[in-house]
Amino acid sequence: MAVVVCDLFDIPGSLIPHLGEFIGERHPVILVANKADLLPKDYHEERLKMWFKRFTKELDLNVQSIHFVSALKNLGTRELAADISERRRAGQDVYMVGRANVGKSELINALLRISIGGSKHRVLASHIPGTTMGLAAVPLRHFVKALVPAEGPRPQDRQAILYDTPGVFSSKSITSHLTSEELKQAVCSKRIVPFSFILNRNQAIMLGGLGRLELVDGPDRVYVTVFAGVKPHFTNIGRAEELIKRLERGEKTILQPPFGDAERLKSFPQHKLALEHTFEGLHRQHATLDVSFAGVGWIAVTGQFPTATIRAFSPNGHGVFVRPPMMPFEYKKITGHMSAARKTPK
Ligand SMILES: Nc1nc2c(ncn2[C@@H]2O[C@H](COP(=O)(O)OP(=O)(O)O)[C@@H](O)[C@H]2O)c(=O)[nH]1
Ligand SMILES: [Mg+2]
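Residues numbered from 1 in each chain as written. Chains lettered and ligands numbered in written order. Predicted model: local features only at pLDDT ≥ 70, side-chain atom pairs only at ≥ 80, totals over all residues.

Within an unreviewed UniProt entry, the label attached to the chain reads Nitric oxide associated protein 1, and the organism entered is Coemansia aciculifera.

The following block contains the structure:
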């Protein structure tokens, strides 16, 4: 059976298109949406699961169940383990499938922690006999209490294996261009706190050098709610382009990450147009759509208007998606929140 893992912070970017063709319709799939610990507090799990299901229909998978978990924080992992145990037939192997960085290894660690006894510590590959090269293939008998009964594996399960699929499905995530130091800054490691801002026509909102969203046509202004670890910077469209050109020349700018010396900044992929999208704004207070910047976060757009045209740019023009809003009700009236944005330096 297959456990398909994706990253809630990177939807649809972390979903593998037509995955069903690889897995085959016969094989049962348990779908895991990981990194739930990053979502804003009080998210409505049932509504979010409905939203999530829309994307997964297109994968042509034989989905048996969906779990929202945090491998890192051990949330929902026991329920997931119980579900895998229940659905797995005797002798079946388990395949962890998913794009790079969705948390497959972390999830295997979480399942091992259940077996070893709830310790919060990272389980090292060296703790598992016979796996010196990481956790690419672990005999199921090491998952006692998690995936096989406490009494030990059934006779048919003695040869069963849990396989990781490292490096099989590469990702076009924007964060794949970042150094580990930059990643620490750019990627949320804490629960995200959404902030709402006004985006005027001909203005751009920039997520460091990782992406930007421009309102190029339509109403005088829309509202944007930013769900990301990077502080947004607002400026007009012309100035945004100027800033990006300076970054490409290796100059230090307000657009961070990337950071480092001129060499590093020059090596960062150039911004290209990722998408242009025209849409109707459906509601004054609920978001109409999200623009997702794979791995970095997303920006929800709110407002009531006949049409607006937005443009999004990203390194190489990769990893940007529009989608129905994940959390349409998070938009809050603009109050003092502007202070969370970076100001244009004089
Ligand atoms: N916040 C958060 N980060 C996670 C979680 N699971 C994995 N990560 C992080 O995501 C990155 C990739 O995880 P990894 O297990 O190596 O992904 P893999 O490439 O699919 O094996 C690492 O930095 C992990 O610490 C999670 O549940 N929550
Ligand atoms: Mg891995």
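The discussion continues.
K.L.:
So, the domain arrangement of the chain: which residues are in play, and what are the values?
P.N.:
Domain assignment breaks the chain into domain 1 (2-163) and domain 2 (175-340). For domain 1 versus domain 2, the separation of C-alpha centres amounts to 31 Å. Per-class residue counts for the side of domain 1 that touches domain 2 are 8 nonpolar, 1 polar and 4 charged. (Domains from an automatic or database assignment. Nonpolar A, V, L, I, M, F, W, Y, C, P; charged D, E, K, R; others polar.)

K.L.:
Tell me about the sheet that holds strand β2 (residues 28-34), and name the residues and values.
P.N.:
Across the sheet, 6 strands lie side by side as β3-β2-β1-β4-β6-β5; this open sheet has mixed pairing. The sheet is open, and its two borders are formed by β3 (62-68) and β5 (137-139), each paired with just one other strand. Direction aside, the axes of adjacent strands within the sheet are offset by 20° on average. Of the pairings in the sheet, the one linking strand β1 (residues 2-7) to β2 comprises 6 bridges and is parallel in character. If you follow V5 over to β2, its bridge partner there is V32. Those strands touched by helix α4 (residues 104-116) are β1, β2, β4 (94-97), β5 and β6 (161-163), and its axis lies near 140° from that of β4. (Pairing = 2+ DSSP bridges. Helix = DSSP H or I, 4+ residues; strand = E, 2+ residues; numbered from the N terminus. Axes fitted to C-alpha atoms, helices over the stretch in contact; angles between N-to-C directions. Contact = placed C-beta atoms within 7 Å.)

K.L.:
Which residues make up the nonpolar core, and what values do they have?
P.N.:
The biggest cluster of nonpolar side chains holds 47 residues, and the ones touching the most others in it are I205, V224, F293, V296, I299 and A300. Of all the secondary structure elements, the ones that give two or more residues to this core are β7 (195-200), β8 (203-207), β9 (212-217), β10 (221-228), α6 (237-248), β12 (271-293) and β13 (297-315). Per element, the largest residue contribution to this core is 8 residues, and it comes from β13. Apart from the residues lying within four places of it in its own chain, the contact partners of I299 are I205, L213, V224, T225, V226, D290 and V291. With 45 residues, the next largest nonpolar core counts A2, I23, A71 and L107 among its residues. (Core = buried A, V, L, I, M, F, W, Y, C linked by C-beta atoms within 7 Å. Buried ≥ 20, exposed ≤ 12 C-beta atoms within 10 Å, placed from the backbone.)

K.L.:
Give a description of the confidence of the model for the chain that names residues and reports values.
P.N.:
Mean pLDDT over the chain stands at 89; residues scoring 70 or higher make up 91%. Below a pLDDT of 50 lies the segment residues 129-133, which in the model reaches 3 contacts outside its immediate sequence neighbourhood of four places, other chains included. (pLDDT = per-residue confidence, 0-100.)

K.L.:
So what's going on with unusual backbone geometry? Which residues, and what values?
P.N.:
Of note, the bond from I11 into P12 is cis; its omega dihedral lies within 30 degrees of zero at 5°. For P12, the location among the structural elements is in the loop between β1 and α1 (19-23). P257 follows Q256 through a cis peptide bond whose omega is -10°. Structurally, the position occupied by P257 is in the loop between α6 and α7 (262-267). At K35, a position not held by glycine, the phi torsion is positive, near 75°. Although it is not a glycine, N202 adopts a positive phi angle of roughly 70°. Within the secondary structure, N202 is located in the loop between β7 and β8. Under the C-beta neighbour-count criterion, N202 is labelled partly exposed, with 13 such atoms within 10 Å.

K.L.:
I'd like to hear about the environment of M206, residue by residue, with values.
P.N.:
Relative to the helices and strands, M206 resides in strand β8. Separated by 48 residues in the primary sequence, M206 and I254 have C-alpha atoms spaced 9.9 Å apart. Among all residues touching M206, those that are not within four sequence positions of it are R212, P232, H233, T235, A240 and L255.

K.L.:
Can you tell me about the packing of helix α3 (residues 77-87) against α4, naming the residues and giving the values?
P.N.:
Two numbers describe how α3 lies on α4: the axes approach to 10 Å, and their chain directions differ by 85°. Our classification of the angle between α3 and α4 gives roughly perpendicular. Residues T77, R78 and A81 of α3 form the contact with α4, whose participating residues are A110, L111 and I114. Here the contact of α3 with α4 is composed, by residue class, of 4 nonpolar, 1 polar and 1 charged. (Parallel < 35°, antiparallel > 145°, perpendicular 65-115°, else oblique.)

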